[in-house]
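# Residue-level structural notes
Below, each chain spelled out in residue letters.
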Amino acid sequence: MKIDAQGLVPGQPHAQHIHGSTDGHDFRCPDKSADEDGDGIVTTAEGLPMYGDINISLTTKGDTSKDSGLAVDRMPVADKDGKLTYSRTITVSKDVADHIKDLHVVQHGIDRNGDGKYDFGAGKSELDPKLPQEATAPANCGMVKGAAVGSVPAGSVETGGGTTGGVESPGMLAAGGAAVLAAGGLFAVRRRTRTVDARTDG
C-alpha cells in the first residue's frame, strides 16, 4: 500500500483505513448529501453508511485490524506542509484480495477553523469523546482502481471543511484542503503470493 497525500493538517496524525464490503454491498465515497445536519462536515458517523466499515487500519506499525482504527499513535503524521507519504506491505484475507475493486481508502483529520491543529471547536468525536471531531472527521476518500480488478463504482466525496481546489477524478473528489490521494501496490499474500495493482488516481 502506498499513499501520497497533500493538503492535510500539518504536523497532525491522520487515521486512515481501507473501508468497504467484501460481500458484494455497494459502498462508495460519500457526497454532500451525507452531511445530514448541514454543518458543512461529513462526520465519520454520517459517512459510514455510504463508505462502510473498516476492513484494514493503515497503521505505520503493528496491528492493522479494525481494532486499530483509532490508534492515532501509530497513524502517519503530515509534515509541516500538510504532505503525507505512507508505504507498507500488509497481508490481507482472501476476501479482501478478491473484492479489492469494491474497497476504498479514507483518510481522517480536518482543520475546520484553520488554526493549524485539531481542537474541539466543532465538538467531540462521536467515536471517542476524548478526541475532537476534527481529528476523526473524514478528510478524503479514494475508490480503489486497477485494470486487473474491475471497474470503479461511481461516487465522490466532499468531506472536510476546505475547498476541493479542482482536484477531481472519475472515482474521487477530495476535500479538506485539496487533498490528493494516490494508493497503489496493495499486495495480497495468500498460500501463494498474489499481487494486485490497486490505484486511486488523484
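Residues numbered from 1 in each chain as written. Predicted model: local features only at pLDDT ≥ 70, side-chain atom pairs only at ≥ 80, totals over all residues. Heavy atoms only, no water.

### What about the state of the cysteines?
Note the following rule: Here, a disulfide means two cysteine sulfur atoms that sit within 2.5 Å of each other. Numbered from the N terminus, helices here are DSSP runs of H or I no shorter than four residues, and strands are runs of E no shorter than two. Under the scheme applied here, a residue whose accessible area is under 20% of the maximum for its type counts as buried, over 50% as exposed, and between as partly exposed, the area being computed with a 1.4 Å probe on protein chains only.
One pass over the structure, following the stated rule, counts 1 disulfide. There is a disulfide in this structure between Cys29 and Cys141, and the S-S distance comes to 2.0 Å. Handedness here is read from the sign of the S-S torsion; for Cys29 and Cys141, about -80°, the answer is left-handed. One end of the pair, Cys29, is in the loop between β2 (16-20) and α1 (44-51); the other, Cys141, is in strand β6 (residues 138-143), and 112 residues separate them in sequence. With relative accessibility at 2%, the residue Cys29 sits in the buried group. When its relative accessible area of 1% is taken as the criterion, Cys141 is described as buried.

### Here we look at the pattern of salt bridges
Heads up, the rule is: When a carboxyl oxygen of Asp or Glu lies within 4 Å of a side-chain nitrogen of Lys or Arg, that pair is called a salt bridge.
In this structure the tally under the stated criterion is 4 salt bridges. With its nearest N and O atoms 3.2 Å apart, the salt bridge here joins Asp4 to Lys2. A relative accessible area of 38% places Lys2 in the partly exposed class.

### Some remarks on the environment of Lys130
Inspection of the secondary structure assignment puts Lys130 in the loop between β5 (103-108) and α3 (133-136). Counting along the chain gives 10 residues from Lys130 to Phe120, while the straight-line C-alpha distance between them is 9.7 Å.

### What about the layout of surface pockets?
Which entries qualify depends on this criterion: Here a cavity means grid points, on a 1 Å grid over the protein atoms only, where a 1.4 Å probe fits yet cannot get out; a pocket means an open set of points with protein on both sides within 12 Å along at least five of seven lines; lining residues are those with an atom within 4 Å of a point. Grid points are joined across faces, edges and corners, and a volume is the space filled by probe spheres set on the points. All residues other than Ala, Val, Leu, Ile, Met, Phe, Trp, Tyr, Cys, Pro, Asp, Glu, Lys and Arg, Gly among them, are scored as polar; the first ten of these are nonpolar and the last four charged.
Of the voids in this model, the largest pocket is the one considered here, and its volume is about 200 Å³. Considering the residues around the largest pocket, the lining is formed by 16 residues, among which His17, Thr44, Ile54, Leu70 and Leu127 are closest to the centre. Elements represented by at least two residues in the lining of the largest pocket include exactly β2, α1 and α3. Here the lining of the largest pocket takes 3 residues from α1, the largest share from any one element. Its residues assigned to classes, the lining of the largest pocket shows 8 nonpolar, 6 polar and 2 charged.

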